[in-house]
Amino acid sequence: PLDWGSVSVPGGGASLAGSAQARPAQPPVPNDSPLAVREMLLADPVQAQLLSERNPRMYEALVSGDPQKFVAEFERHQQAAEQENRRRIRMLAADPFDMDAQRDIAENIRMENVNANMETAMEHNPEAFGQVIMLYIN
């Protein structure tokens, strides 16, 4: 077996074992927490640009530099989505034969089919969803 502890990291000048001990331990942040989402958006400018187009208020909270402002906006957005979901459920439960309820049910079925087709496509043709770089060696 190889001893990876003696391998030096380029640009770091320290071994892997030494560099792992030098980093302070940070508690893990759940992936669905607002702060984790904030860090992900700050690290990925493409996602931040999409956020600026789709949700300008949350983007303003993101670029303000105040984590608490982003957390408050994130939670407000989640609460609004939950309220909309509860409203739709109440509407469907009230009268399933109502034309608006039928339209909503049809849209839900259509979206489930779209999501199932997307999952199938991603499973069987993953190369269609990413950039594939092929290296040819003569």
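Everything below is about the structure shown above.
What you are looking at is a predicted structure, and each value in this text was computed from that prediction instead of being measured.

Rules behind the numbers
- Residues numbered from 1 in each chain as written.
- Predicted model: local features only at pLDDT ≥ 70, side-chain atom pairs only at ≥ 80, totals over all residues.
- Heavy atoms only, no water.
- Helix = DSSP H or I, 4+ residues; strand = E, 2+ residues; numbered from the N terminus.
- Buried < 20%, exposed > 50% of the residue type's maximum accessible area, 1.4 Å probe, protein only.
- Contact = heavy atoms within 4.5 Å.
- Areas by Shrake-Rupley, 256 points an atom, 1.4 Å probe, with all protein chains shown as cover.
- Axes fitted to C-alpha atoms, helices over the stretch in contact; angles between N-to-C directions.
- Parallel < 35°, antiparallel > 145°, perpendicular 65-115°, else oblique.
- Nonpolar A, V, L, I, M, F, W, Y, C, P; charged D, E, K, R; others polar.

**Student:** It is not clear to me how the overall build of the protein should be interpreted in this structure. Could you clarify?
**Tutor:** Across its full length, the protein holds 6 helices and 0 strands. Secondary structure elements of the protein, listed N to C terminal, follow the sequence α-α-α-α-α-α. Looking at the protein as a whole, 14% of its 138 residues are labelled buried. For the protein, the proportion of contacts with a sequence separation of at least 24, taken over those separated by at least 6, is 22%. Summing over all exposed atoms, the protein offers an accessible surface of approximately 11,400 Å²; the carbon and sulfur share of this is 57%.

**Student:** Sorry, what's going on with the packing of helix H3 (residues 45-54) against helix H4 (residues 56-63) here?
**Tutor:** In a packed pair of helices, the relevant descriptors are the angle between the two axes and the axis-to-axis distance. Contact geometry of H3 with H4 gives a least axis separation of 6 Å together with a crossing angle of 135°. Considering their axes alone, H3 and H4 lie oblique with respect to each other. Listed contacts from H4 to Ala 48, Leu 51, Ser 52 and Arg 54 of H3 are Pro 56, Met 58, Tyr 59 and Leu 62. Split by residue class, the contact of H3 with H4 holds 6 nonpolar, 1 polar and 1 charged.

All quantities given are derived from atomic positions and should not be read as evidence of function.
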